[in-house]
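Examining the three-dimensional arrangement
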Amino acid sequence: NAFWIMAAMVEWILPKEYFSESLVGAVTDTRVLNHLVNKKLPNIAKHLKRLDTTLAPSCLQWFVCLFVTVLPIHVTVRIWDIVLVHGGHSLFWVALGLLYLNQDRILKASNEGQLFDVITTSGSNWDDEKEVVKAILKFKVPKVMIRHLQQHELKALSKHMAALKVKE
């Protein structure tokens, strides 16, 4: 059943560009997440700036795999419940919640490799779905705000990709 739920979310909830050849939808969402981290988790944002990196390399997998590779399955299913009820924009709540729960570990990372390791293993520390859901619901960013950020970031990314094609 979990496979069919994931298939339905991919087909009906996620933007079609998520699984295009360039993954432009998922990449756009990692850029939106960076923006939200700047607003909602400023300590992490400052640390990322100090490390001269972004969340994109680490968090792309979260969005593409709907967190199934990072969290225990019983926690993932609870997250999917949230996504099915509230919509695809709630994936950002999940990402912000996981970053919040792992803030201490993230702030201890001294380089991009350590940061990548912390983020890609972040869910393994959280077996209590109630605690994870509680953290997620602290970051209920409105759908309108997320859609606006997605449109803005998609335009910026499209311009960047067009400029790269011209250079070829």
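For the structure itself, look to the data block above.
Definitions and cut-offs
Residues numbered from 1 in each chain as written. Predicted model: local features only at pLDDT ≥ 70, side-chain atom pairs only at ≥ 80, totals over all residues. Heavy atoms only, no water. Helix = DSSP H or I, 4+ residues; strand = E, 2+ residues; numbered from the N terminus. Rg over C-alpha atoms; globule rule 2.2 N^0.38 Å. Buried < 20%, exposed > 50% of the residue type's maximum accessible area, 1.4 Å probe, protein only. Contact = heavy atoms within 4.5 Å. Lys, Arg positive; Asp, Glu negative; His and termini not counted. Charge placed at Lys NZ, Arg CZ, Asp CG, Glu CD. Arc of directions from axis to C-beta.

1. Re the overall build of the protein chain
Scanning the protein chain from terminus to terminus reveals 10 helices and zero strands. Compactness check: the protein chain gives a C-alpha radius of gyration of 16 Å against a globular reference of 15 Å for 168 residues, within 12% of the reference. When its C-alpha atoms are laid out on the principal axes, the protein chain stretches across 50 × 40 × 25 Å. Counting the 168 residues in the protein chain, one finds 44% classified as buried. A separation of at least 24 residues holds for 77% of the contacts in the protein chain among residues at least 6 apart in sequence. For the protein chain, the distance from the average position of its 20 positive side-chain charges to the average position of its 15 negative side-chain charges is 9 Å.

2. Describing helix 3 (residues 42–51)
Residue pairs three or four apart in sequence face the same way in an α-helix, which turns once every 3.6 residues. Every buried residue of helix 3 is listed here: Ile44, Ala45, His47, Leu48 and Leu51. One side of helix 3 holds all its buried residues, which, seen down the axis, span an arc of 165 degrees. Residues of helix 3 that are exposed and angled more than 90 degrees away from the buried face: Lys46, Lys49 and Arg50. Buried residues along helix 3 sit against helix 2 (24–40), helix 6 (90–101), helix 7 (103–108) and helix 8 (112–120).

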